[in-house]
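Report on the structure
Single-letter residue listing:
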Amino acid sequence: MGVLALSAAGVHAFTIILGGPQGYSARIDVTQVGPNQLRILVQNTTTLGTSVSLPSGVSGSCPQTVTSSIAAACRLLASFGYTFNAISKNIDTGGSAKIATGSVGKGDESPFNYSAGDDWSAEWGFGKDEPMDGTGNLDFLSTNASHMTQFAPSPNRDGPTGLDGPQGGLLSKAFSDAGGLGFVQDTLEFLVNYSASLTSTDLSALQNATWWVEFGSSGYFLCAGPDPRCTPPRKVAEPGAFALTGTALAGVLTVRRLRRRSTVSFA
């Protein structure tokens, strides 16, 4: 579980890796794309095998060993977020979710099949300083209904109108289906708005906060960060595992041309 950060000419981006080499795992890529907006890519990277242990003191209803026959809900990444007091800015309205490049979606009503770029905002919401079961209070995004404000009321993708997770969550490539539940396989791109401009201090605090992900509805939890419940402790991600895109990449290339080098900082 780890984090990698790159800062140059106002660009701030980092990656959180949660889980181990097998079992439940996830990847979260965060890039600032506006004064008060973050672009967050969330990927379910779960593979078959025995997962790292649940964080101490946190219970889950899904088995630690991931097999091809585990319950449909356990296959889906349904929530992610970070410690609620990491920064003082609140997640605000106007955000969105869409299927990321290279991913597809599956609904349970016509037209059933969805492609990269299709809107998935009605299936996810956000909460500020809200409980995510045994993890404590977090600022988090979720397809589960509890404590969430829906990003957008339409278009509906997976049957019942409104949040009804873990349906609508993220399915890894380890599975061919989610047992009749709607899903995206395997990455969603979120644009997350905040109530005020994010400072470099805010972004560093987010980078170094404890991050959590939830599979199913209280099915399995992973965390990475300074919270003592997170085991193993955070490690530095491999540089090759991180890729900058869009405005972040353009900013880094500009700095390289001007300074002949870029500045890389590791948490």
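For the structure, check the block above.
These lines cover the structure that appears in this document, whether it is placed above or below. Computed from a prediction, not measured in an experiment: that's the story for all the values here.

Thresholds applied
- Residues numbered from 1 in each chain as written.
- Predicted model: local features only at pLDDT ≥ 70, side-chain atom pairs only at ≥ 80, totals over all residues.
- Heavy atoms only, no water.
- Core = buried A, V, L, I, M, F, W, Y, C linked by side-chain atoms within 4.5 Å.
- Buried < 20%, exposed > 50% of the residue type's maximum accessible area, 1.4 Å probe, protein only.
- Contact = heavy atoms within 4.5 Å.
- Helix = DSSP H or I, 4+ residues; strand = E, 2+ residues; numbered from the N terminus.
- Phe/Tyr/Trp six-rings, centres within 6.5 Å; stacked < 30°, edge-to-face > 60°.

1. Observations regarding the nonpolar core
Core analysis: the largest hydrophobic core is formed by 49 residues, its most contacted members being I28, F80 and F190. With sequence-adjacent residues up to four places away left out, F80 is seen in contact with I28, I40, V42, W124, F140, L141, F190, W211, W212 and V213. Of all hydrophobic cores here, the second largest spans 10 residues; its members include M148, L163, C223 and C230.

2. Some remarks on unusual backbone geometry
Here the residue pair Q185 and D186 is connected by a cis peptide bond, since its omega of 5 degrees sits within 30 degrees of zero. Tracing the chain through its elements places D186 in the loop between β15 (183–185) and β16 (187–194). For F112, which is not glycine, the phi dihedral falls at a positive 75 degrees. Looking at the element boundaries, F112 is found in the loop between β9 (104–106) and β10 (113–114). Look at D129: it is not a glycine, yet its phi comes out positive at around 55 degrees. On the secondary structure map, D129 appears in strand β11 (residues 125–131). Residue class for D129 comes out partly exposed when judged on its relative accessible area of 32%.

3. Examining the packing of aromatic side chains
The description of an aromatic ring pair rests on the distance of the ring centres and on the angle between the ring planes. Counted under the stated rule, the structure contains 10 aromatic pairs. Seen from their ring centres, Y82 and W211 are 5.1 Å apart, and the 55 degrees between their planes marks the pair as tilted. Of this pair, Y82 sits in strand β7 (residues 76–83) while W211 sits in strand β17 (residues 211–215); the two residues are 129 residues apart in sequence, bridging distant segments of the chain. Of the two residues, Y82 and W211, neither departs from the other in class, the shared state being buried. Ring geometry for W124 and F190: centres 5.1 Å apart, planes at 65 degrees, overall edge-to-face. You can see W124 sitting in the loop between β10 and β11 and its partner F190 sitting in strand β16, a full 66 residues away along the chain. Just as W124 is buried, F190 falls in that class too. Taken together, the aromatic side chains of F80, W124, F126, F151 and F190 make up a single cluster linked through ring pairs.

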